[in-house]
Amino acid sequence: MDSQSNDEKWMARALELARRAWDYGEVPVGALLVREQQIIGEGWNQSINRHDCSAHAEIVALRDAGLTASNYRHPGTVLYVTLEPCVMCAGAIVHGRVERLVYGAKEPKAGVVESNLNFFQQGFLNHKVDCVGGVLAQECSDLLSSFFRERRLLSKQV
């Protein structure tokens, strides 16, 4: 399987996790961490239900992987996430020593991979992360747009 189709396969799983977030009333973002074609951590946004501002999909997936691997460092891994990470998540990705990041939709308000900042290109970082954006971008973007459209409609009915 080539890299692009492999990335699409794992991003499709991240989209499933994002739909789980939606089911719980969370912003639909999903993430998973893969090592040697095996999922070692999964997560979806859980900030609202956990009352935890740090419970973004990426952080939840990294925490899950830490428990699986009994280590907070994850060399040789790829993190798949449906939305361009924020600065908090980007910092965790660096500290977790994730080798590669693959994300779906751009996040024009808070994304720091390419939208507002090239975070992973900063010279002060002690770890470099290879990044690929735009994998299943339309599907990822459509899911978020549908979620917020539904929320706006529901708020008008109240």
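Just above sits the structure.
Residues numbered from 1 in each chain as written. Predicted model: local features only at pLDDT ≥ 70, side-chain atom pairs only at ≥ 80, totals over all residues. Heavy atoms only, no water.

Visitor: Explain the pairing of strand β1 (residues 30–35) residue by residue, including any values.
Guide: Most of β1 is tucked away, with 5 of its 6 residues classed as buried. Across 6 bridges, the pairing between β1 and strand β2 (residues 38–44) is antiparallel. Paired with G30 across the strands is W44, a residue of β2. Count of turn residues in the β1/β2 antiparallel hairpin: 2 residues, of which E36 carries a positive phi of about 50°. Judged from the 5 bridges that link them, β1 and strand β3 (residues 77–83) form a sheet pairing that is antiparallel. In the sheet register, L32 faces β3, and the bridge partner there is Y80. (Buried < 20%, exposed > 50% of the residue type's maximum accessible area, 1.4 Å probe, protein only. Helix = DSSP H or I, 4+ residues; strand = E, 2+ residues; numbered from the N terminus. Pairing = 2+ DSSP bridges.)

Visitor: Can you explain helix α1 (residues 3–23)? Please cite residues and give values.
Guide: Here α1 contains 21 residues, and its C-alpha end-to-end distance of 30 Å stays within 8% of the 30 Å for a straight helix at 1.5 Å per residue. For α1, every residue scored as buried is listed here: N6, D7, W10, M11, R13, A14, L15, L17, A18 and A21. Structurally, α1 contributes buried residues whose contacts are with β1, β2, β3, β4 (100–105) and α5 (137–157). In the stretch just after α1, G25 is the one whose phi turns positive, near 80°. (Expected span 1.5 Å × (residues − 1). Contact = heavy atoms within 4.5 Å.)

Visitor: Residue-level account of the sheet that holds β1, with values.
Guide: Taken together, the 5 strands give an open sheet; going across it, the order is β2-β1-β3-β4-β5, and neighbouring strands pair in mixed fashion. Of all the strands in the sheet, the pair left with one neighbour each is β2 and β5 (130–132). The average undirected angle you get between the axes of adjacent strands in this sheet is 15°. As paired elements, β3 and β4 share 5 bridges and run parallel to each other. Considered in β4, the bridge of L83 is made with A105. Contacts from helix α3 (residues 57–69) reach β1, β2 and β3, with the element oriented near 140° to β2. (Axes fitted to C-alpha atoms, helices over the stretch in contact; angles between N-to-C directions.)

Visitor: Account for a negative patch on the surface, with residues named and values stated.
Guide: A surface patch of like charges, here negative, comprises D2, E8, E139 and D142. Along the polypeptide, D2 turns up in the segment before α1. (Patch = residues over 30% accessible without salt bridge, like charges linked within 9 Å, V, L, I, M, F, W, Y side chains within 5 Å. Areas by Shrake-Rupley, 256 points an atom, 1.4 Å probe, with all protein chains shown as cover. Salt bridge = Lys/Arg side-chain N within 4 Å of Asp/Glu carboxyl O. Lys, Arg positive; Asp, Glu negative; His and termini not counted. Charge placed at Lys NZ, Arg CZ, Asp CG, Glu CD.)

Visitor: Describe the pattern of salt bridges, and please don't skip the residues or the numbers.
Guide: On inspection of all chains with the given rule, the structure shows 5 salt bridges. In this structure, D7 and R100 form a salt bridge, with 2.7 Å as the shortest nitrogen-oxygen distance. One end of the pair, D7, is in helix α1; the other, R100, is in strand β4, with 93 residues separating them in the sequence. Just as D7 is buried, R100 falls in that class too. K106 is the partner of E114 in a salt bridge, and the nearest nitrogen-oxygen pair spans 3.5 Å. Its relative accessible area of 38% is what places E114 among the partly exposed residues. The exposed category is assigned to K106, whose relative accessible area is 52%. If you follow the salt bridges from partner to partner, you end up with R13, E16 and E42 in one network.

Distances and angles like these do not, on their own, reveal function.
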